[in-house]
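# Secondary and tertiary structure notes
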Amino acid sequence: MNRLDTQFSEFDHYSKKKLGPTHEFGTLPEIDVDIKNIGWTLGNDCPYRCTHCYSMNARVKGRDMSVEMIDRIVDQLAINKVETVNLGGNEPLFTNGPNPKNTLLPYIIKSLSERGIEVGLTTSGITLIHLYKDYREAFDLLNDVDISFDSPFEEEHNKNRAAKIFHQAEQSMRICQDHDKPHTAIMCGMSWNFSRAHIDGLVALAKKYDGNVRINSIKPTMPEHMDICLTPKQFYDGFSRLMELCEPVDLGEPPIASVADYEAARRCPCGRTSFRIHSITPTGEIYISPCVYLHDYKSSLNLLKHDLYDIIHSEQFRVFRQRNANGDQVDGCASCGRLEKCGGGCVARSYLYNLHSNGERSMLARDPYCPKETYEGQEFPQKPQLIDDQKLVHMDYLCTWIGKPK
């Protein structure tokens with residue numbers, strides 16, 4: 001993917017500079033709010049340096065969380081009837097700096113669980129292992145676990161993480177398998193790791209440990225990420241192969257749901273059923289955006305001082321729901337026969353590709369993997385029926401794909 005050589009500051013969103021527009025849909029109606037599944041980036045520390053990290057530009061060290069902050073946030077989630085919370089973003093063990101002894105993660109898991117909220121965890125492995133060994137009660141309370149792989153091949157994975165940690169990821173898969181804890185091998189699909197060999201290897205690894213597979217195609221939160229984005233052919237070929245090898249659990253990628261003719265396609269979930277709580281700022285605020293990848297749309301309301309209801313109904317959230325309800329307003333989408341299921345595609349991918357390719361911030365941009373323009377009509381599995389015996393925290397949260405190896 002080409003990118004525009006333009007000045008970009010990953011921290012503009014902290015100073016409220018150059019934020020995304022919220023007016024482009026005018027007074028058009030929005031889809032109903034039905035917030036259920038959210039993500040929470042807990043801290044500002046991580047021992048690894050993944051080349052594709054999407055949260056690095058929303059994490060600045062300087063402040064730790066307190067029990068009082070956690071109680072406030074959990075209370076707001078419960079009041080607004082949130083059903084699931086995924087703890088991730090950074091390595092979630094490090095809520096309060098690099099020393100695991102200072103972690104508040106077990107307290108967070110217990111607090112959410114006590115309010116009837118299902119808790120999931122996304123980890124490279126180290127967090128799950130610490131919970132299992134040192135905080136067994138918290139491990140037992142987890143609903144499901146996503147274990148992150150950059151490659152099913154150990155050397156590649158370790159190189160991209162700048163640490164020899166492949167064994168921790170495998171150990172975490174094994175622990176979950178041994179204790180009947182639902183678990184998923186998650187990979188960020190990039191140009192170098194979404195080949196047939198990588199996909200086959202990841203599915204085989206997940207099958208070995210009786211786990212699921214989940215794929216996020218990379219969303220370029222930084223301009224340099226454009227250099228490792230999937231081509232449209234890689235995107236469709238890769239997901240076609242995944243659907244040959246797996247029974248689908250969730251089809252949250254709008255273009256894929258469209259070309260598969262999935263009858264229950266729901267379009268992008270951001271701001272509709274899901275949102276992201278970002279890590280604490282250096283000055284002690286905690287903000288929320290409708291999408292984990294779009295820091296330009298952080299609400300200006302601090303969750304520690306404002307009610308979650310008001311944040312969910314802020315203009316930053318409304319524009320996501322307007323786009324969902326008015327896909328015909330998205331550039332080039334009005335006459336497309338796939339509009340009902342695709343709805344203009346993934347909002348974050350559309351926005352970020354347009355920003356880094358054209359220097360324009362707009363919610364009217366369409367998905368770079370637009371089926372009308374980039375899908376060549378090759379064979380693709382049709383009318384899939386989802387496995388419905390699992391409730392995972394990433395279902396209808398993010399534009400993602402989940403499958404169970406056959």
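These figures come from a predicted structure and were not determined experimentally.

So, about the overall build of the protein. The number of helices and strands found in the protein is 14 helices and 10 strands. Relative to its length of 406 residues, the protein is compact, with a C-alpha radius of gyration of 20 Å against a globular reference of 22 Å. By residue count, 62% of the 406 residues in the protein fall in the buried class. For the protein, the proportion of contacts with a sequence separation of at least 24, taken over those separated by at least 6, is 76%.

The backbone of Asp180 shows a phi angle near 50°, a positive value even though the residue is not glycine. Looking at the secondary structure, you find Asp180 in the loop between helix H6 (166-178) and strand E5 (183-189). We classify Asp180 as exposed; its relative accessible area is 71%. The residue Lys383 is not glycine, and still its phi comes out positive at about 45°. Note on placement: Lys383 falls in the loop between helix H14 (371-374) and strand E10 (401-405).

This part covers the pattern of salt bridges. Under the criterion given, the structure shown has 23 salt bridges. For Asp210, the salt bridge is made with Lys404, and the minimal N-O distance between the two is 3.3 Å. Linking Asp210 in the loop between helix H7 (196-208) and strand E6 (212-217) with Lys404 in strand E10, this pair joins segments that are 194 residues apart in sequence. Measuring nitrogen to oxygen at the nearest pair gives 2.9 Å for the salt bridge that ties Lys233 to Asp237. One end of the pair, Lys233, and the other, Asp237, are both in helix H8 (residues 232-245), four residues apart, so they sit about a helical turn from each other. We classify Lys233 as exposed; its relative accessible area is 56%. Linked by salt bridges that have partners in common, Asp250, Arg266, Arg272 and Asp396 make up one network.

This part is about the packing of aromatic side chains. Taken as a whole and judged by the stated rule, the model has 13 aromatic pairs. Ring geometry for Tyr297 against Phe320: centres 5.3 Å apart, planes inclined by 90°, an arrangement best described as edge-to-face. Here Tyr297 is found in the loop between strand E9 (288-289) and helix H10 (308-312), whereas its partner Phe320 is found in helix H11 (residues 315-325), with 23 residues between them in sequence. Classification of Tyr297 as buried rests on a relative accessible area of 0%. A relative accessible area of 1% means that Phe320 is categorised as buried. If you follow Lys181 out to its NZ or CZ, it ends over the ring of Phe139, 5.0 Å from the centre.

Right, let's talk about the nonpolar core for a bit. Soluble globular proteins tend to pack their nonpolar side chains together in the buried interior. By size, the foremost hydrophobic cluster in this structure holds 81 residues, and its most contacted members are Trp40, Leu77, Leu87, Leu112, Phe275 and Ile277. With sequence-adjacent residues up to four places away left out, Leu112 is seen in contact with Trp40, Val74, Leu77, Val85, Leu87, Ile117 and Val119.

This part covers the pairing of strand E4 (residues 144-148). Regular strands place side chains that alternate from one sheet face to the opposite one. The element E4 is extensively covered by neighbouring structure, given that five of its five residues are classed as buried. Residues of E4 alternate between two faces, with Asp144, Asp146 and Ser148 on one and Val145 and Ile147 on the opposite face, all of them buried. The sheet contact formed by strand E3 (residues 118-123) and E4 spans four bridges and is parallel. Bridge assignment links Thr122 to a residue of E4, and that residue is Asp146.

On to H11, then. In terms of residue burial, H11 counts as a mostly covered element, since eight of its 11 residues are buried. Taken as a whole, H11 has its buried residues at Gln316, Phe317, Val319, Phe320, Arg321, Gln322, Arg323 and Asn324. The inward-facing, buried residues of H11 abut strand E8 (274-277), E9, H10 and helix H13 (347-358).

Glancing now at the pairing of strand E7 (residues 246-251). By the criterion of burial, E7 is predominantly enclosed, with five of the six residues buried. Both E7 and E10 contribute to a ladder of five bridges, which runs antiparallel. Opposite Leu251, over in E10, you have Trp401 as the bridge partner.

Mapped onto the elements of the fold, Tyr287 is located in the loop between E8 and E9. Sequence separation between Tyr287 and Met187 is 100 residues, and the spatial gap between their C-alpha atoms is 27 Å.

With respect to the helices and strands, the residue His183 is situated in strand E5. A polar side-chain atom of His183 sits 2.7 Å from the main-chain carbonyl oxygen of Lys181. At 2.6 Å, the side chain of His183 and the backbone oxygen of Tyr209 are in polar contact. Contact partners of His183, with chain neighbours within four places excluded, come to Val145, Ile147, Met173, Cys176, Gln177, Tyr209, Asp210, Gly211 and Asn212.

Definitions and cut-offs
- Residues numbered from 1 in each chain as written.
- Predicted model: local features only at pLDDT ≥ 70, side-chain atom pairs only at ≥ 80, totals over all residues.
- Heavy atoms only, no water.
- Helix = DSSP H or I, 4+ residues; strand = E, 2+ residues; numbered from the N terminus.
- Rg over C-alpha atoms; globule rule 2.2 N^0.38 Å.
- Buried < 20%, exposed > 50% of the residue type's maximum accessible area, 1.4 Å probe, protein only.
- Contact = heavy atoms within 4.5 Å.
- Salt bridge = Lys/Arg side-chain N within 4 Å of Asp/Glu carboxyl O.
- Phe/Tyr/Trp six-rings, centres within 6.5 Å; stacked < 30°, edge-to-face > 60°.
- Lys NZ or Arg CZ within 6 Å of the ring centre and 35° of its normal.
- Core = buried A, V, L, I, M, F, W, Y, C linked by side-chain atoms within 4.5 Å.
- Pairing = 2+ DSSP bridges.
- Polar contact = N/O pair within 3.5 Å; in protein donor to acceptor, adjacent residues only side chain to side chain.

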